[in-house]
Amino acid sequence: MTKKLQIIGLDADDTLWQNEEFYRVTQARFAELLADCCAEDDLHNRLLAAERRNIGHYGFGIKGFMLSMIETAIEVTEGKVSGAVIAEILAAGQDMLQHPITLLPHADRVVRDLSQSHKLVLITKGDLLDQERKLAQSGLGEYFHGVEIVSDKKPEIYTRAFARHGASADVALMAGNSMKSDVIPALEAGAFGVYVPSTYIWALEEAEAPQTHARYHSLPDLGGLPALVKNLEQA
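Residues numbered from 1 in each chain as written. Predicted model: local features only at pLDDT ≥ 70, side-chain atom pairs only at ≥ 80, totals over all residues. Heavy atoms only, no water.

Comments concerning the overall build of the protein
The condition that has to hold: Helix and strand assignments follow DSSP, with helices taken as H or I runs no shorter than four residues and strands as E runs no shorter than two, numbered in order from the N terminus. The globule rule used for comparison is 2.2 Å times the number of residues to the exponent 0.38, while the radius of gyration itself is calculated over C-alpha atoms. Only protein chains enter the area calculation, which uses a 1.4 Å probe; residues under 20% of their type maximum are buried, those over 50% are exposed, and those in between are partly exposed. We call two residues in contact when some of their heavy atoms are within 4.5 Å. The Shrake-Rupley method, run with a 1.4 Å probe sphere, supplies the accessible areas, and residue values consider only the shown protein chains as cover.
Summing up its helical and strand segments, the protein has nine helices and six strands in all. The C-alpha radius of gyration of the protein comes to 19 Å, within 12% of the 18 Å expected for a compact globule of 235 residues. Overall, the C-alpha framework of the protein stretches about 65 × 35 × 30 Å when taken along its three principal axes. Within the span of the protein, comprising 235 residues, buried residues form 48% of the whole. For the protein, the share of sequence-separated contacts (at least 6 apart) that also reach a separation of at least 24 residues comes to 72%. Taken as a whole, the protein presents about 11200 Å² of accessible surface, with 52% of it coming from carbon and sulfur.

As for unusual backbone geometry
The backbone of E78 shows a phi angle near 55°, a positive value even though the residue is not glycine. Tracing the sequence through the fold places E78 in the loop between α3 (62–76) and α4 (83–98). The class for E78 is exposed, based on a relative accessible area of 68%. Backbone geometry places H106, a non-glycine residue, at a positive phi of 80°. Here H106 shows up in the loop between α4 and α5 (107–115).

Brief notes about the sheet that holds strand β4 (residues 172–176)
So the rule is basically this: One bridge is not enough; two strands pair if DSSP finds at least two bridges between them. All axes are obtained by fitting lines to C-alpha atoms, using only the stretch in contact for helices, and the reported angles, taken between N-to-C directions, cover 0 to 180 degrees.
Strand order in the open sheet formed by six strands is β3-β2-β1-β4-β5-β6, and the pairing between neighbours is parallel. Since the sheet does not close on itself, it has two edges, and those belong to β3 (146–150) and β6 (216–218), each with one partner. Ignoring which end each strand starts from, the neighbouring axes of this sheet average 20° apart. As defined by bridge partners, strand β1 (residues 7–10) adjoins strand β2 (residues 119–125) across four bridges and the pair is classed as parallel. Its bridge partner being in β2, I7 is matched across the sheet by K119. In the packing of helix α8 (residues 179–189) onto the sheet, the strands contacted are β2, β4, β5 (192–195) and β6, and the crossing angle to β5 comes to about 160°. Running over the sheet, helix α9 (residues 225–234) touches β1, β4, β5 and β6 and is turned about 155° from β4.

As for the pattern of salt bridges
Worth spelling out the cut-off: For this document, the term salt bridge refers to a Lys or Arg side-chain nitrogen within 4 Å of an Asp or Glu carboxyl oxygen.
Following the criterion strictly, the structure yields 18 salt bridges and no others. The shortest N-O distance in the salt bridge between D11 and K153 comes to 2.9 Å. Residue D11 is found in the loop between β1 and α1 (20–33), and its partner K153 is found in the loop between β3 and α7 (155–164); the two are separated by 142 residues along the sequence. K153 matches D11 in its accessibility class, with the two residues each being buried.

A short note on helix α2 (residues 40–58)
Cut-off, in case you're wondering: We define the bend at any residue as the angle between the axes fitted to the seven residues before and including it, ending there, and the seven starting there.
At R52, α2 is bent by approximately 35°, the largest bend along its length. Turning to α2, its buried residues number three or more, namely L43, L47, L48, A50, E51 and N54. Against the buried residues of α2 lie α1 and α3. Count one or two residues on from α2 and you reach G59, which has phi positive near 75°.

What to know about the nonpolar core
Proteins that are soluble and globular tend to have nonpolar side chains buried together. We apply this condition: The set of buried Ala, Val, Leu, Ile, Met, Phe, Trp, Tyr and Cys residues whose side-chain atoms join them within 4.5 Å is what this entry labels a nonpolar core.
Core analysis: the largest hydrophobic core is formed by 28 residues, its most contacted members being L10, L16, L173 and L225. Residue assignment for this core shows that the elements contributing at least two residues are β1, α5, β2, β4, β5 and α9. Those residues in contact with L225 that sit more than four places away from it in its chain are L10, V110, L114, L173, A175, V194 and L219. Of all hydrophobic cores here, the second largest spans 20 residues; its members include F30, L34, C38 and A73.

A few points about the packing of α1 against α2
Think of two packed helices as two axes; the pair is described by the angle between the axes and how far apart they sit. Applicable threshold: Any angle that falls under 35 degrees is termed roughly parallel, while one over 145 is termed roughly antiparallel, one within 65 to 115 roughly perpendicular, and all others oblique. The handedness criterion is simple: a crossing whose near helix is rotated anticlockwise from the far helix by less than a right angle is left-handed, and one whose near helix is rotated clockwise is right-handed.
Relative to each other, α1 and α2 sit at 120°, their axes nearing to 10 Å. The angle between the axes of α1 and α2 places the two elements in the oblique class. The way α1 lies across α2 gives a crossing that is right-handed. Between α1 and α2, the residues in contact are Q27, F30 and A31 and E40, L43, H44 and L47, respectively.

Topic: the packing of aromatic side chains
Stated precisely, the cut-off is as follows: Aromatic rings from Phe, Tyr and Trp, with only the six-membered ring used for Trp, were paired whenever their centres fell within 6.5 Å, and each pair was classed as stacked if the ring planes differed by under 30 degrees, edge-to-face if by over 60, and tilted otherwise. Charge-over-ring placement is defined geometrically: NZ (Lys) or CZ (Arg) within 6 Å of the ring centre, and within 35 degrees of the ring normal.
The final tally for this structure, using the stated rule, is three aromatic pairs. Here Y23 and F65 contribute two aromatic rings whose centre-to-centre distance is 4.8 Å and whose plane-to-plane angle is 55°, an arrangement assigned as tilted. One end of the pair, Y23, is in helix α1; the other, F65, is in helix α3, and 42 residues separate them in sequence. Neither residue differs from the other here; Y23 and F65 are each classed as buried. A cation sits over an aromatic face here: K125 above F60, 3.8 Å from the ring centre. Between R215 and the ring centre of F192, over which it is positioned, the NZ or CZ distance is 4.0 Å.

Have a look at this one:
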C-alpha cells in the first residue's frame, strides 16, 4: 500500500494561473513592431533562439524575455532599431509585469481542499519579485506550507525542496503543466509526477511523456488531483 503523501508540490504559471497567454499576446505585439523588417515566423524563431541562448544568463521570466526581444530587434534590424521601438518593447514587458493574474479553473478549490489534508509547497521558477506578486494576488498564499522560487527545475532541486519541508521524494508528488520541468525531474528524484496540460506551452518546455514510468500520471485538468491523490494513497 502506498504511504500517505507528505508533500504535494504544485507549479504556479499555467498550472494555477494564466501566464503563457500573455507571452503570446506580447509576441504578437513584437511582430507588429518589426513587421517591416522580418516575417513573423522568422522573427518568432529568432526570438526563441535568443531565449534559448539567454536562459543561462537571465533565467526564466518576463525580464529575460524583454531582454531577448531587444536583442532580437537589434539583430533583425542589423543594429538600426529605433529608440521608439525599444521603448515599445519595454512598455510591453512592463505591461506583463503589471498584468493582474487570472486563476485557472479548479485552482482555488483544489488548493483549498488539498491544504486541509496535506502539506502543500509551491515550486515555481521565474523572477522572484514577479512570482511573489502573482502569488500575493492569487489569494492562495495562505494555503501553502512553503514557497520555492527556483532558477531551474532539476531532480536535485526537487529533492532539496521536499527535504526542506520535511519529506523525502518517495512520499511526495509534483503536479504541473510542463512535462520537462514539473514532471520528468520530479520522477527522476523519486516522486510522483502528474502532468496537467495547459492551453499553451512554451516550446522550451516541451518533452515526451514518460508513459511507462510507474509513478507518472496525467489529468485532463487540475480538478482531478484530489481524487488522484486519494487513489494513490489507497493503492
